[in-house]
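Structural description and commentary
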Amino acid sequence: MARNNRLLVGLMLSAHLEVAQADTADVQEVLVTGVKERLYHAGMLKETIEKTEVVSADNIAKQQAENLTDAIGASAGVRVNNECSMCGVKRVMLNGLRGEHTTVLVDGIPTHSIVSSVYGLDAIGSAGIERIEIARGAGASLTAPEAIGGTINLITKEAHSNELDIDVAAGEHAYKKFAAVGTLVTSEDSTRITAIAQQDARDQFDGDGNGISESPLMDNQSVTLRVSQDVGVQDNLTLRGNYVTSEIFGGPMNTSIGRAKSNYFADPQYSSAHLFVDDDVRNNYIAKPWETTEWIKTTRNEFAGSWLHESDADLNFTLATSFVQHKQQSFYEGFIYDADNNVRYLDGRINYAFTDNQHLTIGVNNRQETLRSTTNSSSEQFIADSFDYASSGIYVQDTWTASAAVQIAFAVRADKLVADFIDVQKPGEEISQTLVSPRVDMRITHNSRWNSRLSLGQGYRAPLSFFESDHGILDGDQGFNIAIDRLERSKSVNYSLNFQQSRISATSSFAYTQVQYLAQLSSDEYAVPTLGQLNTTAAVMDYDVALTFKYNEHLSLSGIAEIYNYNAAFEQAFTVAPVEQRLGLSADIEWNKWDTFISAEWIGARDLTAFATPTHATFDAEGLLSKRKHAPSYWSLDIQTAYAISDDHKIYLGAKNVLNYTQVRDMQTPLYYEAGSFDVNHVYGPLRGREAYLGLKCAF
């Protein structure tokens, strides 16, 4: 009988329309329900057992988050690590793992590679994102087995009506943002179109006035078109195209990349005797602009498509594919690095409910990735980091509702992987391996208020690029060396306990992850940068608590607390010290037409000597002043106030880093000299000061 009822519900929903009659007016509200939405609601497409944090579009807007890194940085278990003051590279860390262990998905399809996760994440605009789903732990996604840390899934806004939203803002340090999101639904209600355009930019920031920026210029543009087409009542075809350009310029102030490049090419062999007055990086910069210029130009073309076919209420089939071309042009203090990174992805799966209590998912996928890089290095020791990478896998997942209180999902993947660095000095395939990776997820409902989730899984990842390690690419003029011959292998356990009441929601989480053969940058006996792997196991534990309290209809309070514990092997794998303790607090105050959002973050003190960060380095070339070995704790504060002029128009005012704290206020510039060379890795605190802004949102 239950099986027949489910079939009846499916047939009723396939009419696609839900009509609500208002009590006091002859007005109808029409909600379009397509094939995908129907199956999501029926639980036939979405994996719901594993713990998943959700960042809503409303929360993204209140944080004034222009890009992905800003949008998720305050979430539990997530840390966006700023790892270079010159080039502005940010790494998204989940459960304390490194940035390369995070996989980014768009509408469930992998779109970012190792290379693009370095400079590409700040270029992912927030406009048109309906929500962001964060799943932590190895094997968090059937389609992204290399996500040792977890996955970040960006869900594009689905068109349900004809509308256009415009968001314009400007502020300090040449900050500007323009975003437009338009949705269109055809008269037959079967075609849904979402069009998105965004441009955001900000200038360099030099907090200590020495003529070298601590935070670079960033200029991003993106255009996205998504079309969802229902074909009859059983098929849906979705196509998505995205074009992105991004420019980053860090280093000397009051100049341009054109000037820096022309200055370099006029005399490539030139080298200034002194970069700073008295060789002290806290004093004024006096060398040529190109000698500290770091410039990265990124161009991305993304295409993704999926076809969903529903045979009946118990069986559906999905075929998804994507192609991404990521091109990078770089100028690192005279070293030129250009790369063309292409990724092709294909996934097919069947979802079948063979009983009322069991769903079976069977699928296959294939990933083909290539990197072709060129440089201006003349070193005979140079080994290009160009590679070919291929993975093919098959996976099975059985989702079983054992009782009203217990759900279990068991999944297993078998993958064949081949990684080949194609430089002539690297003959043969570095990695050729077949492996099996299991995962178990369990959800237990203790009562109406308490439930638990437990996940255990294994994962893998192929270290493929010098971007694996901070600044590995910057020493390329000396040549590279690659000593990679094994996959990184991980084991992880994640547990969470959730309490839910009408006004209170609280979740406590624990995660433990081990990684074998972790990629690590070092130098060989000739001081040539070498990408190798640790022989000891790296491990990290993460404890976090998230709490939301709705005091009344006008006030909501939230908070998170986190502690990360790294073992000695993992600590030495970080050249920029990660966060070990964090506290986040926020308040959302709504009163009449006003809405004020306040968020504060506390970062705990750290012993920098535990990490590979250069605490022994000096401010100056003579070794007179050593860098701080202890990073102090600090607070940061953001605030935004919005006023609804009408139902369709809103004006807002806010500021990021209201307290204006940056580490250069402690005279701790991220710059240093070490053995006569110059670098930028002494980063432990904010590098960009207060940024006030004013904006307007309009809906049509």
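The structure presented is a predicted model; accordingly, all values stated were derived computationally and were not measured.

**Looking at the overall build of the protein chain**
- The helix and strand inventory of the protein chain stands at seven helices and 38 strands.
- A separation of at least 24 residues holds for 67% of the contacts in the protein chain among residues at least 6 apart in sequence.
- Counting only carbon and sulfur atoms, one obtains 57% of the accessible surface of the protein chain, whose full area is about 28,500 Å².

**Thoughts on the environment of E571**
- Within the secondary structure, E571 sits in helix α7 (residues 568–571).
- The sequence separation of E571 and F611 amounts to 40 residues, and the corresponding C-alpha distance is 4.9 Å.

**Looking at helix α6 (residues 257–266)**
- The set of residues buried in α6 consists of I257, A260 and Y264. Projection of α6 onto a plane perpendicular to its axis shows the buried side chains occupying an angular sector of 65°, all on one side.
- In this structure, the buried side of α6 is in contact with β14 (235–250), β15 (294–312) and β16 (315–332).

**Structural notes on the environment of L417**
- As for its position among the elements, L417 is in strand β20 (residues 406–421).
- Given the relative accessible area of 0%, L417 is considered buried.
- A C-alpha to C-alpha distance of 7.3 Å links L417 and I431, two positions 14 residues apart in sequence.

**Topic: the sheet that holds strand β8 (residues 129–136)**
- Strand order in this open sheet of five strands is β3-β8-β9-β6-β7, and the pairing throughout is mixed. Lying at the two open borders of the sheet, with one neighbouring strand each, are β3 (52–56) and β7 (109–110).
- With two bridges connecting them, strand β6 (residues 102–106) and β7 associate as antiparallel partners. The residue of β7 that forms the bridge with L105 is P110.

**Focus: empty space enclosed by the protein**
- Enumeration over the complete set of coordinates arrives at seven cavities of 30 Å³ or more.
- Its boundaries defined by the atoms lining it, the largest cavity holds a volume of some 320 Å³.
- In terms of lining, the largest cavity is formed by 26 residues, of which the most central are T103, H112, S113, E146 and R367.
- Listed by contribution, the elements that provide at least two residues to the lining of the largest cavity are β6, β18 (358–375), β19 (387–401), β20 and β22 (450–461).
- The element contributing the most residues to the lining of the largest cavity is β18, with four residues.
- Grouping the constituent residues of the lining of the largest cavity by class yields 10 nonpolar, nine polar and seven charged.

**A look at the packing of aromatic side chains**
- If you walk through the whole model with that rule in mind, you get 18 aromatic pairs.
- Arranged with centres 6.2 Å apart and planes meeting at 65°, the rings of Y175 and Y693 form a pair that is edge-to-face. Taken as a pair, Y175 in strand β11 (residues 175–185) and Y693 in strand β38 (residues 691–699) lie far apart in primary sequence, 518 residues in all. Of the two residues, Y175 and Y693, both sit in the buried class.
- On the basis of an interplanar angle of 50° and a centroid distance of 4.8 Å, the ring pair of W594 and Y643 is categorised as tilted. In this pair, W594 is assigned in strand β31 (residues 594–603) and Y643 in strand β34 (residues 634–644), connecting sequence segments 49 residues apart.

**Observations regarding a nonpolar patch on the surface**
- A surface patch of nonpolar side chains, about 510 Å² in accessible area, is lined by L237, L239, F303, W307, L319 and L346.
- Mapped onto the nonpolar patch, the elements with two or more residues apiece are β14 and β15.
- With respect to the helices and strands, W307 occurs in strand β15.
- A relative accessible area of 35% means that W307 is categorised as partly exposed.

**Some points on the sheet that holds strand β23 (residues 481–482)**
- The three strands lie next to each other as β23-β27-β26, forming an open sheet whose pairing is mixed. Each having just a single partner strand, β23 and β26 (519–523) make up the two edges of the open sheet.
- Of the pairings in the sheet, the one linking β26 to strand β27 (residues 529–533) comprises five bridges and is antiparallel in character. Note that in β27 the partner of A519 across the bridge is Q533.

**Points about the confidence of the model for the protein chain**
- Taken as a whole, the protein chain shows an average pLDDT of 86; of its residues, 89% reach a score of 70 or greater.
- Of the regions scoring below 50 in pLDDT, residues 1–33 engages in 49 contacts with residues more than four places distant in sequence or in other chains.

**Thoughts on the side chain of D542**
- Here D542 shows up in strand β28 (residues 538–552).
- A relative accessible area of 0% means that D542 is categorised as buried.
- A polar contact of 3.0 Å, which involves the side chain of D542, links it to the side chain of R136.
- Non-local contacts of D542, meaning those with residues more than four positions away in its chain, are made with G77, N95, R136, S509, F510, A511, I563 and Y564.

**Some points on unusual backbone geometry**
- Phi at N95 takes a positive value of approximately 55°, unusual for a residue other than glycine.
- Here N95 lies in the loop between β5 (90–94) and β6.
- Classification of N95 by relative accessible area gives buried; the value is 2%.
- Unlike most non-glycine residues, D107 shows phi in positive territory, near 55°.
- Mapped onto the elements, D107 comes out in the loop between β6 and β7.

**Focus on the pairing of β22**
- Summarising the sheet, strand β21 (residues 431–445) and β22 pair through seven bridges and their orientation is antiparallel. The residue bridging I444 from the neighbouring strand is S452, located in β22.
- Between the antiparallel neighbours β21 and β22 lie four residues.
- In terms of strand pairing, β22 meets strand β24 (residues 488–500) through 12 bridges, oriented antiparallel.

**Notes on the side chain of D588**
- Turning to its location among the elements, D588 is positioned in strand β30 (residues 581–591).
- At 2.4 Å, the side chain of D588 and the side chain of K62 are in polar contact.
- Excluding its chain neighbours within four sequence positions, the residues that come into contact with D588 are K62, H554, L555, S556, D595, T596 and F597.

**Points about the pattern of salt bridges**
- In total, this model carries 38 salt bridges according to the counting rule given.
- Where R136 meets E53, a salt bridge forms, and the shortest distance between an N and an O atom there is 2.7 Å. One end of the pair, R136, is in strand β8; the other, E53, is in strand β3, with 83 residues separating them in the sequence.
- Between D388 and R372 there is a salt bridge, with its nearest N and O atoms 2.7 Å apart. With a gap of 16 residues between them, D388 in strand β19 and R372 in strand β18 connect regions that are remote in the sequence.
- Taking relative accessible area as the criterion, R372 reaches 36% and is therefore assigned partly exposed.

**Considering the nonpolar core**
- Y119, F276, Y389, L464 and L671 are the most contacted members of the largest nonpolar core, which has 42 residues in total.
- Elements that contribute at least two residues to this core include exactly α5 (116–119), β17 (335–353), β19, β20 and β21.
- Counting residues in hydrophobic clusters, the runner-up holds 23 residues, among them L97, L534, A538 and A569.

So, how was this worked out
- Residues numbered from 1 in each chain as written.
- Predicted model: local features only at pLDDT ≥ 70, side-chain atom pairs only at ≥ 80, totals over all residues.
- Heavy atoms only, no water.
- Helix = DSSP H or I, 4+ residues; strand = E, 2+ residues; numbered from the N terminus.
- Contact = heavy atoms within 4.5 Å.
- Areas by Shrake-Rupley, 256 points an atom, 1.4 Å probe, with all protein chains shown as cover.
- Buried < 20%, exposed > 50% of the residue type's maximum accessible area, 1.4 Å probe, protein only.
- Arc of directions from axis to C-beta.
- Pairing = 2+ DSSP bridges.
- 1 Å grid on protein atoms, 1.4 Å probe; cavity = no way out; pocket = protein on both sides within 12 Å on 5 of 7 lines; lining within 4 Å.
- Points joined across faces, edges and corners; volume = space filled by probe spheres on them.
- Nonpolar A, V, L, I, M, F, W, Y, C, P; charged D, E, K, R; others polar.
- Phe/Tyr/Trp six-rings, centres within 6.5 Å; stacked < 30°, edge-to-face > 60°.
- Patch = residues over 30% accessible without salt bridge, like charges linked within 9 Å, V, L, I, M, F, W, Y side chains within 5 Å.
- Salt bridge = Lys/Arg side-chain N within 4 Å of Asp/Glu carboxyl O.
- pLDDT = per-residue confidence, 0-100.
- Polar contact = N/O pair within 3.5 Å; in protein donor to acceptor, adjacent residues only side chain to side chain.
- Core = buried A, V, L, I, M, F, W, Y, C linked by side-chain atoms within 4.5 Å.

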